[in-house]
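Residues per chain, in single letters:
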Amino acid sequence: YQLVGVVYVTKNAVLTIEPGTVIRGDDKTCGTLVITNGAKIMAEGLETDPIIFTSNKEIADRKPGDWGGIIVLGKAPINTIGGVHTLPFDLEPMLNHYGGQDAEDNSGILKYVRIEYSGRKLSAAKELNGLSLAEKKKKTVLSNIQISFSNDDSFECYGGDLNMNNLVSYRTTD
C-alpha cells in the first residue's frame, strides 16, 4: 500500500492492518497517516511478521524525512484551557484536535510495528515525528515498536496517560 498526501482515518472508523503489511509513505506528497479524534488503528503485527511503514523510494535512495509518519489524536481529558488542543503540523483544521471528555478513550493497537525514514521537516520550527501521540489513555496498546532513521523524534507524546513498552529508537536526528 502507498500513503499519498495526508490520509485521515475519521468519524469513528477503524483502520485494520494485517500482520506483514508494508505501507510506503510517498516522498513527493509527504505521505502521512493521521488517526483522528475518535477513530482507531488496529495494527497488530507478529514478532515474526511485523507491520512496516517505510519510504516509497528504492532501498538505496531512502533517507530520514522521506515521508511524514503516523499521528494518533485522542479524546481523553487534557490539562489545558478548554480541554482541547491542536498540533503544529498544518493538518486539516477541522480534524486537527485532541483532548475531550472521554476518560476511557482507546485509539487501538500498534504492536510489532516498524516505522522507517519518516519525520519530514515542514519548516525550521515544525517537524513531523516517526510516531506522534496526542493524548492517549492506557487502553491504547503501544508495544514492540521500532522507529529507525526518523528525521526528528522517533516518539513524541503530547500529554496523556500512556502505557508503552518495548520501544526502539534507532539512528534518529533528534
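About the cut-offs
- Residues numbered from 1 in each chain as written.
- Predicted model: local features only at pLDDT ≥ 70, side-chain atom pairs only at ≥ 80, totals over all residues.
- Heavy atoms only, no water.
- Phe/Tyr/Trp six-rings, centres within 6.5 Å; stacked < 30°, edge-to-face > 60°.
- Helix = DSSP H or I, 4+ residues; strand = E, 2+ residues; numbered from the N terminus.
- Buried < 20%, exposed > 50% of the residue type's maximum accessible area, 1.4 Å probe, protein only.
- Pairing = 2+ DSSP bridges.
- Core = buried A, V, L, I, M, F, W, Y, C linked by side-chain atoms within 4.5 Å.
- Contact = heavy atoms within 4.5 Å.
- Polar contact = N/O pair within 3.5 Å; in protein donor to acceptor, adjacent residues only side chain to side chain.
- Salt bridge = Lys/Arg side-chain N within 4 Å of Asp/Glu carboxyl O.

**Some points on the packing of aromatic side chains**
According to the stated counting rule, one finds 4 aromatic pairs in the structure shown. Relative to tryptophan 67, the ring of phenylalanine 53 lies with its centre 6.4 Å away and its plane at 20 degrees, an arrangement referred to as stacked. Of this pair, phenylalanine 53 sits in strand 7 (residues 51-55) while tryptophan 67 sits in the loop between strand 7 and strand 8 (69-73), placing them 14 residues apart in sequence. The two residues phenylalanine 53 and tryptophan 67 agree in class, both being buried.

**Focus on the pairing of strand 8**
Taking burial as the measure, the 5 residues of strand 8 include 5 buried ones, the bulk of the element. The alternating pattern of strand 8 places Gly69, Ile71 and Leu73 and Ile70 and Val72 on opposite faces, both of which are buried. In this sheet, strand 8 lies alongside strand 5 (residues 32-35) in parallel orientation, the contact comprising 4 bridges. The partner of valine 34 across the bridge, within strand 8, is isoleucine 71.

**Points about the nonpolar core**
Membership of the largest hydrophobic core comes to 23 residues, with the highest contact counts inside it found for Leu33, Phe53, Ile70, Leu110, Ile115 and Leu131. Those elements that provide at least two residues to this core are strand 5, strand 6 (40-44), strand 7, strand 8, strand 9 (108-116), strand 10 (131-136) and strand 11 (141-148). Those residues in contact with isoleucine 115, other than ones at most four positions away along the chain, are Phe53, Trp67, Ile70, Gly130, Leu131, Gln146, Ile147 and Ser148. Within the second largest apolar cluster, 12 residues are counted, among which are Ile71, Leu91, Ala134 and Tyr158.

**Description of the side chain of serine 154**
Residue position: serine 154 is located in the loop between strand 11 and strand 12 (155-160). Looking at serine 154, its side chain comes within polar contact range of the side chain of serine 169, at 2.6 Å. With sequence-adjacent residues up to four places away left out, serine 154 is seen in contact with Asn129, Gly130, Leu131, Ile147, Ser169 and Thr172.

**Considering the environment of glycine 45**
Secondary-structure assignment places glycine 45 in the loop between strand 6 and strand 7. Separated by 66 residues in sequence, glycine 45 and lysine 111 place their C-alpha atoms 5.8 Å apart. Residues contacting glycine 45, with those up to four places away along its chain left out, are Pro19, Pro50, Ile51, Lys111 and Tyr112.

**A short note on the pattern of salt bridges**
Summed over the entire model, instances satisfying the criterion amount to 9 salt bridges. The partner of aspartate 27 in a salt bridge is lysine 57, with the nearest N and O atoms 3.7 Å apart. Here lysine 57 lies in the loop between strand 7 and strand 8 and aspartate 27 lies in the loop between strand 4 (22-25) and strand 5, a separation of 30 residues in the sequence. One salt bridge connects aspartate 66 with lysine 63, and the closest N-O pair in it is separated by 3.2 Å. Under the relative-accessibility criterion, lysine 63 is labelled partly exposed at 40%. Taken together, the shared-partner salt bridges connect Asp27, Lys57, Lys63, Asp66 and Arg120 into one network.

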